[in-house]
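Reading the structure
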Amino acid sequence: MKLGAFSVSLAVKDIHQSVAFYEKLGFSAYHGDVADGWIILKNGDHIIGLFQGMFEKNILTFNPGWDQDAKPLDAFVDVREIQKSLRDAGVEIAQSVDEDGQGPGRTMVIDPDGNPVLIDQHV
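Heads up: these notes are all about the structure in this document. No experiment lies behind these values; they were computed from the predicted model shown. (Residues numbered from 1 in each chain as written. Predicted model: local features only at pLDDT ≥ 70, side-chain atom pairs only at ≥ 80, totals over all residues. Heavy atoms only, no water.)

A few points about the overall build of the chain
- For the chain, the count of helices and strands is two helices and eight strands.
- Mapped in sequence order, the helices and strands of the chain form the string β-α-β-β-β-β-α-β-β-β.
- Taking 123 residues into account, the globule formula puts the C-alpha radius of gyration at 14 Å, and the chain, at 15 Å, falls close to it.
- Across its three principal axes, the chain shows a C-alpha extent of roughly 45 × 35 × 20 Å.
- Counting every position in the chain, which comprises 123 residues, the buried fraction comes to 36%. (Helix = DSSP H or I, 4+ residues; strand = E, 2+ residues; numbered from the N terminus. Rg over C-alpha atoms; globule rule 2.2 N^0.38 Å. Buried < 20%, exposed > 50% of the residue type's maximum accessible area, 1.4 Å probe, protein only.)

Things to note about the pattern of salt bridges
- This model, assessed by the stated rule, comprises five salt bridges.
- Here Arg 80 and Asp 78 are joined by a salt bridge, their closest N and O atoms 2.9 Å apart.
- Assessed through its relative accessible area of 8%, Arg 80 is described here as buried.
- Here Asp 78 falls in the partly exposed class, since its relative accessible area comes to 21%. (Salt bridge = Lys/Arg side-chain N within 4 Å of Asp/Glu carboxyl O.)

Digging into the side chain of Thr 61
- Its place among the elements puts Thr 61 in strand β5 (residues 59-63).
- Residue classification places Thr 61 among the buried positions, given a relative accessible area of 6%.
- For Thr 61, the side chain forms a polar contact with the side chain of Ser 9, separated by 2.9 Å. (Polar contact = N/O pair within 3.5 Å; in protein donor to acceptor, adjacent residues only side chain to side chain.)

Focus: the side chain of Lys 42
- Among the structural elements, Lys 42 can be located in strand β3 (residues 38-43).
- According to the relative accessible area criterion, Lys 42 is buried, its value standing at 10%.
- Here Lys 42 is in contact with Gly 26, Phe 27, Ser 28, Tyr 30, Ile 47, Gln 68 and Asp 69, once residues within four sequence places are set aside. (Contact = heavy atoms within 4.5 Å.)

Notes on the nonpolar core
- Leu 10, Val 12, Ile 15, Val 19, Tyr 22, Phe 27, Ile 39, Leu 41, Ile 48 and Leu 50 form the largest nonpolar core, which has ten residues in total.
- For this core, the elements supplying multiple residues, two or more each, are β1 (5-12), α1 (15-24), β3 and β4 (46-52).
- Apart from the residues within four sequence positions on either side, Ile 15 is in contact with Val 34, Gly 37, Trp 38, Ile 39, Leu 50 and Gln 52.
- Counting nine residues, the second-largest nonpolar core is a separate cluster that includes Phe 62, Val 97, Val 117 and Ile 119. (Core = buried A, V, L, I, M, F, W, Y, C linked by side-chain atoms within 4.5 Å.)

Focus: the pairing of strand β2 (residues 28-33)
- Inspection of the sheet shows β2 paired to β3 by five bridges, in the antiparallel sense. Within β3, the position partnered with His 31 by the bridge is Ile 40.
- Between β2 and β3, which follow one another and run antiparallel, lie four residues, and Gly 37 among them has a positive phi close to 90 degrees. (Pairing = 2+ DSSP bridges.)

Given below as C-alpha cells:
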C-alpha cells in the first residue's frame, strides 16, 4: 500500500527551542510559521513538523498524493481507498474520512503501542 510522503509530527512544548535544536541538526524551515504554532522543517528528504499546543502525542504522518517535496503526484492511492483497505484488513479506524467524498481528507489509526498514524491527503 503506497501511503505518500512521510513525516514525523512532533508535539513540542517550546517551538522556538525545538526549531533551534533541529536547525543544529541541519534542518531548515520549509513551510508554516512559528507564530501560528507550527512549522515544517526539512533536511534533504527528511521532514519534521513541529506543533505547539495542537495535539498531545507525536504522530507519524503520511500524505497520499504528495512526493517528499509536497508536490502533487500524477497518480496515487486515494485516502478513502487506503482507509477501506485498512478497515478490510481489520485495522480499527480512529478517525474516518467520508468514503463517498473526494479530494482532501484524512483518516487515522493507532498502532499497537498507542502511536497515532495520520493519513492526511491534501489534494
